[in-house]
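The chain contents come next:
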There are 2 protein chains.
Amino acid sequence: MAPSAVPMNGQANASDVDLTATAIEHKMEENGATNGHKATYQELDASKLTYTFTKSPQKVPAAGVISFENSSICTDHMLTATWSQKNGWATPELKPYGPFSIMPTASVLHYATECFEGLKAYRGYDGKLRLFRPDCNAQRLLMSSVRISLPSFPPGEVEKLISAFMAVDGPKWLPRERPGSFIYLRPTLIGTQSQLGVQAPAEAMMFIIASYMAEMDSPPGGMKLHTSPADMVRAWAGGFGYAKVGANYGPSLLATSEARARGFGQILWLYGEQGFCTEAGASNFFVVWKNKETGRTELVTAPLGDKIILDGVTRRSVLQLVRERCADEVEVVERQYTIDEVIEAHEEGRIVESFASGTAYFVCPISLIHHRGKDVAIPMGKKNDGGELTTKVKTWLKDIMYGREDHPWAVVVPEEQ
Amino acid sequence: MAPSAVPMNGQANASDVDLTATAIEHKMEENGATNGHKATYQELDASKLTYTFTKSPQKVPAAGVISFENSSICTDHMLTATWSQKNGWATPELKPYGPFSIMPTASVLHYATECFEGLKAYRGYDGKLRLFRPDCNAQRLLMSSVRISLPSFPPGEVEKLISAFMAVDGPKWLPRERPGSFIYLRPTLIGTQSQLGVQAPAEAMMFIIASYMAEMDSPPGGMKLHTSPADMVRAWAGGFGYAKVGANYGPSLLATSEARARGFGQILWLYGEQGFCTEAGASNFFVVWKNKETGRTELVTAPLGDKIILDGVTRRSVLQLVRERCADEVEVVERQYTIDEVIEAHEEGRIVESFASGTAYFVCPISLIHHRGKDVAIPMGKKNDGGELTTKVKTWLKDIMYGREDHPWAVVVPEEQ
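Residues numbered from 1 in each chain as written. Chains lettered and ligands numbered in written order. Predicted model: local features only at pLDDT ≥ 70, side-chain atom pairs only at ≥ 80, totals over all residues. Heavy atoms only, no water.

Colleague: Honestly, the UniProt feature "modified residue: N6-(pyridoxal phosphate)lysine" (unreviewed entry) in chain A in this entry has me stumped. Any pointers?
Modeller: Residues and elements named next belong to chain A. Mapped onto this numbering, the UniProt entry annotates "modified residue: N6-(pyridoxal phosphate)lysine" (unreviewed entry) at Lys244. Lysine 244 gets classed as buried once you look at its relative accessible area, which sits at 9%. Not counting the four nearest positions on each side in its chain, lysine 244 is found in contact with Cys115, Phe116, Glu117, Gly118, Arg140, Ser144, Tyr249 and Leu310. (UniProt positions renumbered as here; feature names shortened; annotations may be inferred. Buried < 20%, exposed > 50% of the residue type's maximum accessible area, 1.4 Å probe, protein only. Contact = heavy atoms within 4.5 Å.)

Below is the structure:
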């Protein structure tokens, strides 16, 4: 059976077993007025944003150039807001992009008190600049922040800050002459208190930066996955796999490097003795197969209930669109399923297609899964660029992101002309 | 049964299941000559250390003062060495303590590519300055670094750098007039590559700082532990609980804060459905009890085999001393044992004493364990400052650390007079 946290026993005291859930609930509801600093505590307030513009604007690189000397290329500005337990959130600032000054004793450098979000701004074919469901990212950033003992904030303010940042750097860095292009946004929170004691940091900083990123949704021949090694588990019940905290990433780099050296794109993370399929790299993982009993076509993906996988914004959007737009052809199934089930479906010719979804990889077709010496080949469609459903979902989402379809998920950034 | 990683199945391919172990083994053996950068790669070399002394030396605080405005008080200098995949290790530098400049895209701020060590320098009663088993810390730093995809290095060089650093700051910050005092050393590695792609960082920095720290081994009335909540697991088989990486700390702060708010000192981390006792906070955990069958006195602690707990230097030293010095009275038992066994022993009056061990907490007596609404009271000895074995072990170790006993574990730092 799957690993699980310590269960309650007969005489369990509820307040002893749900320590984390209680703490998270409490902190997510927290705000300036109720957290014990009534007099001086300031809440994060996007309307106070100050602007200091760069005096040395950078040149926008040619389309497709995404890094320089192994470093990400960021836009002219960044957005920062500092926080202290005592005074709350300082005035957010938009200022020139550049290095931070950080003490060697800062919490983030030792105890991984850090979390982030990833979302993209899209330059539409109609010339407008859009964000895709930024409310979901802001809400998840709050959840991650609280899980890693960083401050709470009203998520709507973060959404406003993202939009205000893009209103400044969007026009130049996602020019209207490049419709169909995007830039990657990275809201981040770090613990900055310069204190080596192992404790929740009393000082923190939020920052938002924007950088170019490669299109990763169509690797030639599809993405190949290598199942996770027996000696490495990415996340576990009672852990923090559902939160976008740094602690989910660093420890998985080793296996990923090794898999890449063997010619695979990402690790397919298995979980528990049965080998449940969870995530592909840092993306959600989907299989389309014919149900063994009914013969019906199913879109299968891991469930959110056990908090092992990330509640991906793209995942959520894919499931909703498939439910809304092709319920007659494909049934959406969120359940635990094992690598052995995938192999069996492969051997019985029931696999239709497979893809990974995430902000970075968007919707990326998968062509092969390597598991314990065996290769499972996945159909890649007529043009070898992804199966039918994969292609359909990509088109639907791109149409929303780039303004070909008017949809409430796409939020227009007001740009000065 | 206990959670475990995905097992090999019949037709398993060995190289597919031991990806992590292979990668770690490979990297730990790596050195400049063999890692593909023969021409330009430089190994870490302590003999090249450069010295830039501070021009604004700080005042040593009064004995017992350990922080200022919620920040750790560090010594006048720090030691840094930068690394790049291409060129290897730059010349290590001793320089004035102060903030780093770090790019917002630095790996460590997003992906928790960070690891550290904790050890102390001791001012002996004979006036000499000593480190306690620094070779163990240097070796573990290497293991942690490789596990979190940071560079390898010859651990002996780190040992030399620690000693060189203390030779400079030791005489002033651990003055001979304060025998029996210590300072805390924090060697750290962080990933500094300014690249948002999720990948092993191609640039890193090692730094060593020294700060004051409270004596934490004798809280009035002993330390009280609260067992971990059902919804939080610290570490798991196939994870990284055995490595001193930031990712083990940040995620546990939430439960610890909640436990502290309820009047407990630390969390006793349970593991698996049976509730195996693993660590107390970030310290190793020990129980002394009478064996149910034989009546013999046993010192019980969790084993290292499943890589869930940290291979503590103090833990290792405690076990070795007890085996060497009181094998007739106490049997050392390293095995999995459950909280239910502890409760049963308590109910049958078989608990003799309990303590936690680590560099920060040293050897800290435990007076109570709270589990699911029940209190397990632990005997604290005649003077209520710890049981007989706890006190004995503390005395032995202190005698070695502070030079009352000549022992190979205590390494003298050569100081200029």
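Structure's up, so let's keep going.
Colleague: What am I meant to see in the pairing of strand S15 (residues 276-280) of chain B here?
Modeller: Within a regular strand, the side chains alternate between the two sheet faces. All names here are of chain B. Across the 5 residues of S15, 5 count as buried, placing the element largely inside the fold. Where strand S14 (residues 266-271) and S15 come together, 3 bridges link them in antiparallel fashion. Looking across to S15, one finds that leucine 270 is bridged to cysteine 277. In this structure, the hairpin formed by S14 and S15 is closed by a connection of 4 residues, where glycine 272 is found at a positive phi of approximately 80°. Linking two consecutive strands that pair antiparallel, namely S15 and strand S16 (residues 283-290), is a turn of 2 residues; a positive phi of about 65° is found at glycine 281 within it. (Helix = DSSP H or I, 4+ residues; strand = E, 2+ residues; numbered from the N terminus. Pairing = 2+ DSSP bridges.)

Colleague: I'm lost on helix H5 (residues 155-173) of chain A in this one. Help?
Modeller: For H5 of chain A, spanning 19 residues, the distance from its first C-alpha to its last is 25 Å, which sits close to the expected 27 Å at 1.5 Å a residue. Along its length, H5 of chain A reaches its greatest deviation from straightness, about 40°, at alanine 167 of chain A, and the proline proline 171 of chain A lies no more than four positions downstream. (Expected span 1.5 Å × (residues − 1). Bend = angle between axes of the 7 residues up to and from the residue.)

Colleague: Quick question: what am I supposed to make of the side chain of glutamate 415 of chain A here?
Modeller: All names here are of chain A. Topologically, glutamate 415 is positioned in the segment after strand S22 (410-412). A distance of 2.7 Å separates the side chain of glutamate 415 from the side chain of arginine 123, its partner in a polar contact. Glutamate 415 has contacts with Arg123, Gly127, Leu129, Gly170, Pro171 and Arg176, leaving out every residue within four places of it along the chain. (Polar contact = N/O pair within 3.5 Å; in protein donor to acceptor, adjacent residues only side chain to side chain.)

Colleague: What is the right way to look at the interface of chain A and chain B in this model?
Modeller: Note on interface size: it is often stated as the accessible area lost on association of the parts. Contacts between chain A and chain B engage 97 residues on the former and 97 residues on the latter. Roughly 8,400 Å² of surface becomes buried between chain A and chain B when both sides are summed, with 58% attributable to carbon and sulfur atoms. Linking chain A to chain B there are 0 salt bridges. Linking chain A with chain B are 32 residue pairs in polar contact (both at pLDDT 80 or more). (Buried area = accessible area lost by both parts, 1.4 Å probe. Salt bridge = Lys/Arg side-chain N within 4 Å of Asp/Glu carboxyl O.)

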